[in-house]
Amino acid sequence: MINRRQFLEWLAASSAGVAITGASTAYAQPAPPKARVIVVGGGMAGATAAKFLRIWGTQLDITLIERSPQYTSCILSNLVVTGQRTLDQLQFNYAALRDKYSIRVVQGDVAALDPVAKTLKLADGTAMTADRIVLAPGVEFDAIPGLESPAAQQRVPHAWKAGAQTLSLRDRLRAMPAGGVFVLTIPKAPYRCPPGPYERACIIADYLKKNKRGSKLIVLDANPDIVAERVTFNNAFNSTHAGVLEYHRNVHVQEIDATAGTLRTSIGNMQAQLINAIPAHRAGEIIAAAGLNNIDARWAGVDVLTYESTAVPGIHVIGDSSATTQPKAGHIANQQAKVCADAITRLLQGQSVDQAPVTNSACYSTVTMSTASWLTAVFAYDPATRSMKVVQASAGEGERATAEHFKDMDKWFRSLMVDTFA
Ligand SMILES: Cc1cc2nc3c(=O)[nH]c(=O)nc-3n(C[C@H](O)[C@H](O)[C@H](O)COP(=O)(O)OP(=O)(O)OC[C@H]3O[C@@H](n4cnc5c(N)ncnc54)[C@H](O)[C@@H]3O)c2cc1C
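Residues numbered from 1 in each chain as written. Predicted model: local features only at pLDDT ≥ 70, side-chain atom pairs only at ≥ 80, totals over all residues. Heavy atoms only, no water.

Remarks on the overall build of the chain
Helix and strand content of the chain: eleven helices and 26 strands. Relative to the globule expectation of 22 Å for 422 residues, the C-alpha radius of gyration of the chain, 24 Å, shows essentially globular dimensions. The principal-axis extent of the C-alpha atoms belonging to the chain is close to 90 × 45 × 40 Å. For the chain, contacts bridging at least 24 residues in sequence account for 67% of all contacts bridging at least 6. Total accessible area on the chain is roughly 18400 Å²; 53% of this is exposed by carbon and sulfur atoms. Where the 41 positive side-chain charges of the chain centre and where its 35 negative ones centre are 3 Å apart. (Helix = DSSP H or I, 4+ residues; strand = E, 2+ residues; numbered from the N terminus. Rg over C-alpha atoms; globule rule 2.2 N^0.38 Å. Contact = heavy atoms within 4.5 Å. Areas by Shrake-Rupley, 256 points an atom, 1.4 Å probe, with all protein chains shown as cover. Lys, Arg positive; Asp, Glu negative; His and termini not counted. Charge placed at Lys NZ, Arg CZ, Asp CG, Glu CD.)

Here you go:
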């Protein structure tokens, strides 16, 4: 799609071409400028979008802006906490996107965005403009009362964005005395990776059994019940980890004192040797800053046929920042990115978009340090509600956690990451 200014630039370029090359090429016309798409955030959603925009939209000028030189996957990061993986085994760079898919990869922090003008500014002052912008900035966290300062957040890590906090939780777990109390707090949904906190509870309970005899894990869940894989985790909590893991529903954490290691909660005060508090989530900072957080003032509303923002046309929001009926998960982020890339490619050619998109989500959850279960669902577009609905026959969870599923988890992870970054 060409705007008036680009059209004038193109016209100027054509006339210049004629003047330079003379009569023999007087009738040769330069190709029209490529439509420009900027993708913000090179995580599960953004990296996939950039790659598939190139595969399906060869005539596009694509820029991917990411603040970090490499991506660190949250998926499998619970295994870093237990020392079964290293963080660098979960890191992926942008070389293939740059070299194989000719995407302009810019390392920078998007500090301001004018969604109507489709312009943005990086923290270093660089300004950019595009025909369409795809936002995939992941999530931000609310501060838990008592944990407002960086020092307090270091003492009570959430480890819900893989990186320094994951290593901090690993080191604190290693240093925890045998016979100690570990408290894990789970925020109200929606949060990223619905089974993730329960998976973390299971693997930590198993770690405590094996490495810290006599220790206890108390799980304080703000939700009325286990949010995902209810059968699997009920079994795990009541049977596999009985005696080590204590699960409480509907608990509101009112305040945490990071120095004293105490929690004030709706079921009373408690003391812990180690606290892992996962805060409530909201869309990545740039979504609110640009006024795109039109769902509960926290998430970006989107049309799931295109992932175009319902607040401002021409801006697309994918991955955890978007509000849809699908889970906030890396696998779904990858799927949403493909629907969005396909829609943008068609829209830029003046075509209509696919009216029946289908996405799927698969996920493995560790139940012990060597066994895993799984969860899967297919979502199809429902024109009546204009939302993605679970195809009932497709939804399921593993009957048992097994060592074989644990091995399959690695295969699933590797193929998802190849599809996203390679
Ligand atoms: C412990 C844990 C386990 C999980 N396990 C699974 C699992 O088994 N399966 C699964 O499917 N999902 C899992 N998830 C969820 C998954 O990690 C997220 O849903 C997924 O990463 C979301 O992708 P995203 O692209 O929206 O966000 P992210 O992957 O977080 O990517 C966002 C990117 O945007 C960049 N960014 C943000 N703002 C800016 C800015 N202003 N300028 C430049 N760059 C910016 C960030 O640096 C980041 O790289 C897990 C999550 C956790 C925490």
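Some details on empty space enclosed by the protein
A water-sized probe, rolled over the atoms, reveals where empty space remains. A full pass over the atoms with the stated rule returns one cavity of 30 Å³ or more. Here the largest cavity is characterised by a volume of approximately 30 Å³. Every residue along the wall of the largest cavity is listed here: Gly 319, Asp 320, Ser 322, Thr 324, Gln 326, Pro 327, Lys 328, Ala 329, Ile 332, Ala 333 and Gln 336. The dominant element in the lining of the largest cavity, judged by the number of residues it contributes, is helix H10 (residues 330–348), at three residues. Residues of the lining of the largest cavity, tallied by class, amount to four nonpolar, five polar and two charged. (1 Å grid on protein atoms, 1.4 Å probe; cavity = no way out; pocket = protein on both sides within 12 Å on 5 of 7 lines; lining within 4 Å. Points joined across faces, edges and corners; volume = space filled by probe spheres on them. Nonpolar A, V, L, I, M, F, W, Y, C, P; charged D, E, K, R; others polar.)

Quick notes on the site of the ligand
Near the ligand, the surroundings consist of 30 residues, among which Ala 45, Glu 66, Tyr 71, Arg 192 and Asp 320 are the closest. Contact distances for the ligand include 3.0 Å between a nitrogen atom and a backbone N or O atom of Val 110. At 2.9 Å from an oxygen atom of the ligand is found a main-chain nitrogen or oxygen belonging to Asp 320. Computed on the free molecule, the ligand has an accessible area of 1000 Å², of which 94% lies beneath the protein chains in the complex. (Near = heavy atom within 4 Å. Polar contact = N/O pair within 3.5 Å; in protein donor to acceptor, adjacent residues only side chain to side chain.)

Remarks on the confidence of the model for the chain
Detailed reading of predicted coordinates is not advised where the pLDDT is low. Of all residues in the chain, 93% have pLDDT values of 70 or greater, and the mean over the chain is 93. Under a pLDDT of 50 for its full length, residues 1–26 has, in the predicted model, 20 contacts with residues more than four places off or in other chains. (pLDDT = per-residue confidence, 0-100.)

Things to note about unusual backbone geometry
For the bond from Ala 189 to Pro 190, the omega torsion is 5°, close enough to zero to count as cis. Relative to the assigned elements, Pro 190 resides in the loop between strand S11 (181–186) and helix H7 (196–211). Although it is not a glycine, Ser 102 adopts a positive phi angle of roughly 50°. Among the secondary structure elements, Ser 102 is positioned in the loop between helix H4 (95–99) and strand S5 (104–107).

A short note on the sheet that holds strand S8 (residues 127–129)
Spatial strand order, S6-S7-S8: three strands in an open sheet with antiparallel pairing. Every interior strand has two partners, whereas the edge strands, strand S6 (110–114) and S8, have only one. Direction aside, neighbouring strands of the sheet carry axes that sit 20° apart on average. Here four bridges tie S6 to strand S7 (residues 119–122), and the two strands are oriented antiparallel to one another. Paired with Asp 114 across the bridge in S7 is Thr 119. (Pairing = 2+ DSSP bridges. Axes fitted to C-alpha atoms, helices over the stretch in contact; angles between N-to-C directions.)

Details of helix H8 (residues 230–240)
By the burial criterion, the buried members of H8 are Thr 232, Phe 233, Ala 236 and Phe 237. Buried residues of H8, viewed axially, fall in a sector of 120°; they line one side. For H8, exposure combined with an orientation more than 90 degrees from the buried face picks out Val 231, Asn 238 and Ser 239. Its buried side turned inward, H8 meets H7, strand S13 (245–248), strand S23 (358–366), strand S24 (372–382) and strand S26 (396–397). (Buried < 20%, exposed > 50% of the residue type's maximum accessible area, 1.4 Å probe, protein only. Arc of directions from axis to C-beta.)

As for the pairing of S23
Burial within S23 is extensive, with seven of its nine residues counted as buried. In this sheet, S24 lies alongside S23 in antiparallel orientation, the contact comprising nine bridges. Directly across from Ala 362, in S24, lies its bridge partner Thr 376. Taking the residues that link successive antiparallel strands as the turn, the S23-S24 hairpin has five residues.

As for the layout of surface pockets
One number sums up the size of the second largest pocket: a volume of about 310 Å³. For the lining of the second largest pocket, the secondary structure elements donating two or more residues are S11 and strand S14 (253–257). Residue composition of the lining of the second largest pocket, by class: twelve nonpolar, three polar and two charged.

Digging into the pattern of salt bridges
Counted under the stated rule, the structure contains 21 salt bridges. Its salt-bridge partner being Arg 98, residue Asp 99 comes within 3.0 Å of it at the nearest N-O pair. Among the residues examined, Arg 98 registers a relative accessible area of 44% and is labelled partly exposed. The salt bridge partner of Asp 171 is Arg 170, with a shortest N-O separation of 3.0 Å. Through salt bridges with shared partners, a single network forms among Asp 142, Arg 282, Glu 285 and Arg 298. (Salt bridge = Lys/Arg side-chain N within 4 Å of Asp/Glu carboxyl O.)

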